[in-house]
Amino acid sequence: MIRVILPYHLKALAGISGEVQLEVAGPASVRSILDALEARYPMLRGTIRDQVTGHRRAMLRFFACEQDFSNDALDTPLPEAIASGAEPLLVVGAIAGG
Amino acid sequence: MSGIRVLVGTRKGGFILTSDGSRKKWSVSGPHFAGWEIYHMKASPVDSNRIFASQSSGWFGQVMQRSDDGGKTWNTPGSSPEELLSPDGMPKGESNKFVYDTSSQTGKPLTTHLWYDGSQHPWEFKRVWHIEPSRDNPDTAYAGVEDAALFRTTDGGKSWHELPGLRGHGTGSKWQPGAGGMCLHTILFDPTNPKRIYVAISAAGAFRTDDGGATWKPINRGLKSPYLPEPTPEIGFCVHRLALHPSRPNVVFMQLHQGGGVYRSDNAGDQWVEVNGNLPTDFGFPIDVHAHEADTVYAVPMDPNLRVPPEGKLRVYRSRTGGNDWEPLARGLPQENCYVNVLRDAMSVDSLDPCGVYFGTNGGQVYASADGGDNWTAIVRDLPAVLSVEAQTLP
């Protein structure tokens, strides 16, 4: 079971409290996890990655096991601790704005 | 007694203000979608409980929301628990998807417009500025978006598809953003002619279709922009707002950027005439028409350099003659130390008699007049900056 922690506003949008737990088919990567997340919560489509290009939205980052995967290819394998659920994938919104 | 619902979009969420027909006591619900920018909310004219909302964020992009119970609960269309159970299978989150149509089958594959540095820049979707639900079908609505284009849903907002003939108009590559972005912010229907739609784009100008959206023509003749090298081009005008009275849809009023001011067309936009008359300035954002008097028009002039009320006095101006002769309406509005602005989608009228007029400010006040503008009171004073105000008259 893979764990994902979303920013406050995306949890509110999807009606999620706490972290998300997902069954992910195949190797754990940012892409496979987001695919599973969006299938469960379709209202999140377009809010994390652009609907057309599939690129990460500029003001979001993907952190896992104290590493920044934001600029890696979406299919880059994530650490085993993510695949096993020992550690969560963090989708982090920029701490900025008024 | 019928009631009024005022749908208020702000920088930090949506608010719904409700009252009975007396419009004296108001209740406030919200913030809906707290923390998100709500550019616009508008109800279907044929189903008063169906409200569309544009929810957006610089972090998370565009989300479209719909309520079918008058704003009590909301869903991204196609994603409600009931719809998840539909035989169509899993929804795909298409309600949030706005993809420009560049196919050769439906329109010219236009992909770039003029950028600030004179180069061509790709069309990039940013947000929905305005939603205009159909006058006769609750599942149909139009969305004006940034970068400027017109989209339509015919399935209640589950999916949106561009009407590419507008962007594909021959001038599209010359459209250029204003300081607020290149947005399509006004959509007006002609109630006597379902094939005719007016739209306005900053800073491209006004356009009209007479064939239901397949083809469009610029309608900017007579406008002037003295700050442009060529003062009367076919396009390039920073139109702030259009308004018309449904009983006389060939007469259209416009608030143009400074250097222009308030204009009127008596022939569906084919020719415009400036009607600033005795207005104190030629700058403002909103313009609207009284619900029962086709020649009664409201504008909110601002200092053209500061974009705040002249002399620190917040005044709505009313013309009962379709322009040129204007009277200030100040009773109940702050007449000293007032430096707020009123944005283009932040004024609306109800259809009760006497007509109610409403506007919101970027200082968070929403003002209401239940007597056509003679007297004003603040329904709320401390909301986030107001982006849009829509008055809905309930049956």
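Every chain begins its residue count from 1, and numbering advances along the sequence as written. A letter from A marks each chain and a number from 1 marks each ligand, given out in the order of writing. Where totals are concerned, whole chains, interfaces and linings use all residues; where local detail is concerned, this predicted model gives features only for residues with pLDDT of at least 70, and gives and counts side-chain atom pairs only at 80 or more. Side-chain measures were taken over the full set of non-hydrogen atoms in the model, leaving aside hydrogen atoms and water.

Each helix and strand counted, chain A has three helices and five strands in total. By definition, any uninterrupted DSSP run of H or I lasting at least four residues is a helix, any uninterrupted run of E lasting at least two residues is a strand, and each is numbered from the N terminus. Traced from its N-terminal end to its C-terminal end, chain A shows the element sequence β-α-β-α-β-β-α-β. Since a compact globule built from 98 residues should have a radius of gyration of about 13 Å, the 12 Å found for chain A is in line with a globular shape. Taking the principal axes of its C-alpha atoms as reference, chain A extends roughly 35 × 25 × 25 Å. Scored against the burial criterion, the 98 residues of chain A give a buried share of 43%. Contacts spanning at least 24 positions in sequence make up 49% of the contacts within chain A whose residues lie at least 6 apart. In this description the radius of gyration comes from C-alpha coordinates, and the expected globular size is given by 2.2 Å times residues to the power 0.38. The rule is simple: take the accessible area with a 1.4 Å probe, protein chains only, and divide by the maximum for that residue type; under 20% is buried, over 50% is exposed, in between is partly exposed. Throughout, a contact is declared for two residues whenever any of their heavy atoms are within 4.5 Å.

All names here are of chain B. A sheet is described by the order of its strands in space; here four strands give the open sequence β3-β2-β1-β29, paired in antiparallel fashion. In this open sheet, the two strands that pair with only one neighbour each are β3 (27-32) and β29 (386-393). For this sheet, the mean angle separating the axes of adjacent strands, direction not counted, is 15 degrees. In terms of strand pairing, strand β1 (residues 3-10) meets β29 through seven bridges, oriented antiparallel. Bridge pairing in β29 places Val 6 opposite Ala 391. The pairing criterion is simple: DSSP has to find at least two bridges between the two strands. Angles shown run from 0 to 180 degrees and are taken between the N-to-C directions of axes, each axis being a line fitted to C-alpha atoms and, for helices, limited to the stretch in contact.

Residues and elements named next belong to chain B. As summarised here, the arrangement of the four strands in space is β17-β18-β19-β20, forming an open sheet in which the pairing is antiparallel. Only two strands of the sheet have a single neighbouring strand rather than two, namely β17 (239-244) and β20 (273-274). Where strand β19 (residues 262-265) meets β20, two bridges bridge the pair, whose relative direction is antiparallel. From the neighbouring strand, Tyr 263 faces β20, where its bridge partner is Glu 274.

The predictor's confidence in any single residue is recorded as pLDDT, a number from 0 to 100. When pLDDT is averaged along chain B, the result is 94, and 95% of the positions lie at 70 or above. Reported for the predicted complex are a pTM of 0.95 and an ipTM of 0.91.

Attention shifts here to the side chain of Arg 167 of chain B. Residues and elements named next belong to chain B. With respect to the helices and strands, Arg 167 occurs in helix α2 (residues 164-167). Polar contacts involving the side chain of Arg 167 include one to the main-chain carbonyl oxygen of Asp 101, which spans 3.4 Å. Contact partners of Arg 167, with chain neighbours within four places excluded, come to Tyr 100, Asp 101, Thr 102, Leu 110, Trp 123, Ala 148, Ala 149, Glu 162, Gly 172 and Trp 175. Pairing of N or O atoms within 3.5 Å defines a polar contact, subject to two protein rules: one partner must be a possible hydrogen donor and the other a possible acceptor, and residues neighboring in sequence count only if both atoms are side-chain atoms.

Another aspect to go through is the interface of chain A and chain B. Each side of the interface is counted separately: chain A has 20 residues, and chain B has 21 residues. In this description, buried area is defined as the sum, over both parts, of the accessible area (probe of 1.4 Å) that is lost when the two are combined. Carbon and sulfur atoms make up 60% of the area that chain A and chain B hide from each other, which totals about 1,600 Å². Of all residues in chain A, the largest losses of buried area upon contact with chain B belong to His 9, Pro 42 and Gln 51 of chain A, amounting jointly to 31% of the total for that side. Where chain A packs against chain B, one counts four residue pairs in polar contact (both at pLDDT 80 or more).

A few words on helix α2 (residues 30-40) of chain A. Three or more residues of α2 of chain A are buried, namely Val 30, Ser 32, Ile 33, Leu 34, Ala 36, Leu 37 and Glu 38 of chain A. Looking at the buried positions of α2 of chain A, the neighbouring elements they touch are β1 (2-5), β2 (20-22), β3 (60-64), α3 (80-84) and β5 (89-93) of chain A.

Attention now goes to the pattern of salt bridges. All names here are of chain B. Whenever a carboxyl oxygen of Asp or Glu lies within 4 Å of a side-chain nitrogen of Lys or Arg, that contact is scored as a salt bridge. Enumeration over the complete set of coordinates arrives at 31 salt bridges over all chains. Put simply, Glu 124 and Lys 126 hold a salt bridge, and the shortest N to O gap is 3.9 Å. The partner of Lys 126 in a salt bridge is Asp 147, and the shortest N-O contact between them spans 3.0 Å. With Lys 126 in the loop between β8 (120-122) and β9 (127-133) and Asp 147 in the loop between β10 (141-146) and β11 (149-153), this pair connects stretches of sequence that are 21 residues apart. By sharing partners, the salt bridges in this structure join Arg 196, Arg 208, Asp 210, Lys 217 and Asp 270 into a single network.

As a rule of thumb, nonpolar side chains are buried together in soluble globular proteins. Leu 6, Ile 33, Leu 37 and Ile 48 of chain A are the most contacted members of the largest nonpolar core, which totals 41 residues. Among the secondary structure elements, those contributing two or more residues to this core are β1, α1 (8-14), β2, α2, β3 and β5 of chain A together with β4 (37-44) and β5 (47-57) of chain B. Apart from the residues within four sequence positions on either side, Leu 6 of chain A is in contact with Lys 11, Ile 16, Val 20, Leu 37, Leu 44, Ile 48 and Val 91 of chain A. Residues Met 347, Ala 368, Val 380 and Val 389 of chain B belong to the second largest nonpolar core, which totals 36 residues. Buried Ala, Val, Leu, Ile, Met, Phe, Trp, Tyr and Cys residues that are joined via side-chain atoms within 4.5 Å together make up what is termed a nonpolar core.

All names here are of chain B. Two rings from Phe, Tyr or Trp (for Trp, the six-membered ring) form a pair when their centres are within 6.5 Å of each other. A pair whose planes differ by under 30 degrees is stacked, one over 60 is edge-to-face, and the rest are tilted. If you walk through the whole model with that rule in mind, you get 15 aromatic pairs over all chains. The structure contains a cluster of three or more aromatic residues connected by ring pairs, namely Phe 98, Tyr 100, Phe 125, Phe 151 and Trp 160. The positively charged end of Arg 167 is found above the aromatic ring belonging to Trp 123, 4.7 Å away from the centroid. Here, a charge over a ring is recorded when the distance from Lys NZ or Arg CZ to the ring centre is within 6 Å and its angle to the ring normal is within 35 degrees.

It is worth spelling out the environment of Val 262 of chain B at this point. Residue and element names in this part refer to chain B. Checked against the element boundaries, Val 262 lands in strand β19. Among the residues examined, Val 262 registers a relative accessible area of 1% and is labelled buried. Placed 195 residues apart in sequence, Val 262 and Ser 67 show a C-alpha to C-alpha distance of 35 Å. Excluding residues within four positions of it along the chain, Val 262 makes contact with Met 254, Gln 255, Val 273, Glu 274, Val 275, Asn 276, Leu 279, Ile 287, Ala 299 and Trp 326.

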